[in-house]
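Below, each chain spelled out in residue letters.
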Amino acid sequence: MVRDNGAAFKLKRERDDTVTVSFTKYERKLLENEAAKRHAIQGQSSQHYHRTGVFGEAAAMRALGLPLSFCHESDCGTDFLLGNVEVDVKCSNGLPHKSNLIFDSFDKFIADIAIQTRIAFNNNALLQVEVIGWITKDDFKLKAEMVPMRKAKKPLLKRHLLRPIQELQHGLDEILITGGTLNASTSAANKPASVHRLSPI
């Protein structure tokens, strides 16, 4: 009988479900330029913070087969669209077992779904980012725990509770085939609606 709990099972599930996206030195430079533009326009956070965010967003889009496109103007809680579904991408620099999905508060989860990513390898020659999984806003509210962090408690969802990114890949295929929109609860496609394609970087 296969155990479905314990650290070994969770680690295996993390490995099975995680998608690793690699970027070349040239692509990394493009992403760093994007982060610099975002920092210059928004300014409220460090360039390192924006660079981490851009790396995560790019990995999520690449894992879903989308062309790379970014928003400079403001952090409105949505990074890109899947059909009519708003997506917020979070990115961690931490160790694998600490790469959980965290928001400052439940109200800060504005988009329909969130995708958790992690920078796995980063040097001048190669950038690799793990796309760990995703969850809907409603599921996050049900499953997240309030965890003390520095001066406040924040909602945290452990990474093994995230849904595999492959489910979103399948949902996107359905959108492109049917011309419908992604149902964030079931990953099914509903008709009719247009697909909002993203422009290249």
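Keep in mind that this is a model prediction, so the values were computed, not measured.

A. Geometry of the sheet that holds strand β2 (residues 80-82). With respect to topology, five strands assemble into an open sheet ordered β1-β6-β5-β3-β2, the strand pairing being mixed. Lying at the two open borders of the sheet, with one neighbouring strand each, are β1 (19-23) and β2. Averaged over all neighbouring strand pairs, the angle between strand axes comes to 35°, with direction disregarded. Against the sheet, helix α2 (residues 25-42) makes contact with β1, β5 (113-122) and β6 (127-136), and its axis sits at roughly 90° relative to β1, the strand it touches most. Packed onto the sheet, helix α3 (residues 47-63) meets β1, β2, β3 (85-92), β5 and β6 and runs at close to 115° relative to β1.

B. Representation of the sheet that holds strand β4 (residues 101-102) within the structure. Pairing is antiparallel in the open sheet, where three strands are placed in the order β4-β8-β7. Whereas interior strands pair on both sides, the edge strands pair on one side only; in this sheet they are β4 and β7 (145-149). As paired strands, β7 and strand β8 (residues 152-157) are joined by five bridges and run antiparallel to one another. By the bridge assignment, Val 147 is partnered in β8 with Lys 154.

C. The arrangement of the confidence of the model for the protein in detail. A residue-level look at the protein finds 74% of positions with pLDDT of 70 or above and a mean pLDDT of 79. When mean pLDDT is compared element by element in the protein, β4 scores highest at 96, while strand β10 (residues 189-190) scores lowest at 40. Throughout residues 185-201 the model reports pLDDT below 50, and contacts reaching past four residues in sequence, or to other chains, amount to 50 contacts.

D. Geometry of the packing of aromatic side chains. According to the stated counting rule, one finds four aromatic pairs in the structure shown. Ring plane angle 15° and centroid distance 4.6 Å describe the contact between Phe 103 and Phe 109, whose orientation is recorded as stacked. Ring geometry for Phe 106 against Phe 140: centres 5.8 Å apart, planes inclined by 65°, an arrangement best described as edge-to-face. Taken together, the residues Phe 106 in the loop between β4 and β5 and Phe 140 in helix α4 (residues 137-143) connect sequence positions 34 residues apart. Look at Phe 106 and you get partly exposed, because its relative accessible area is 26%. Here the aromatic cluster, defined as three or more aromatic residues joined through ring pairs, consists of Phe 103, Phe 106, Phe 109 and Phe 140.

E. Structural view of α2. The first and last C-alpha atoms of α2 sit 26 Å apart over 18 residues, in line with the 26 Å expected at 1.5 Å per residue. Along its buried surface, α2 packs onto β1, α3, β5 and β6.

F. Region of the structure containing α3. Relative to the 24 Å expected for 17 residues at 1.5 Å per residue, α3 spans 24 Å between its end C-alpha atoms, a close match to the ideal helical length. All of the buried residues in α3 are His 50, Thr 52, Val 54, Phe 55, Gly 56, Glu 57, Ala 58, Ala 59, Ala 60, Met 61 and Ala 63. Downstream of α3 by a residue or two, Gly 65 has a phi angle that is positive, lying close to 75°.

G. Summary view of the pairing of β3. Where β2 meets β3, three bridges bridge the pair, whose relative direction is antiparallel. Bridged to Leu 82 within β3 is Val 85. Between the antiparallel neighbours β2 and β3 lie two residues, among them Gly 83 with a positive phi of about 65°. Sheet topology places β3 next to β5; six bridges connect them, and they run parallel. Note that in β5 the partner of Val 87 across the bridge is Ile 113.

Cut-offs used in this document
- Residues numbered from 1 in each chain as written.
- Predicted model: local features only at pLDDT ≥ 70, side-chain atom pairs only at ≥ 80, totals over all residues.
- Heavy atoms only, no water.
- Pairing = 2+ DSSP bridges.
- Helix = DSSP H or I, 4+ residues; strand = E, 2+ residues; numbered from the N terminus.
- Axes fitted to C-alpha atoms, helices over the stretch in contact; angles between N-to-C directions.
- Contact = heavy atoms within 4.5 Å.
- pLDDT = per-residue confidence, 0-100.
- Phe/Tyr/Trp six-rings, centres within 6.5 Å; stacked < 30°, edge-to-face > 60°.
- Buried < 20%, exposed > 50% of the residue type's maximum accessible area, 1.4 Å probe, protein only.
- Expected span 1.5 Å × (residues − 1).

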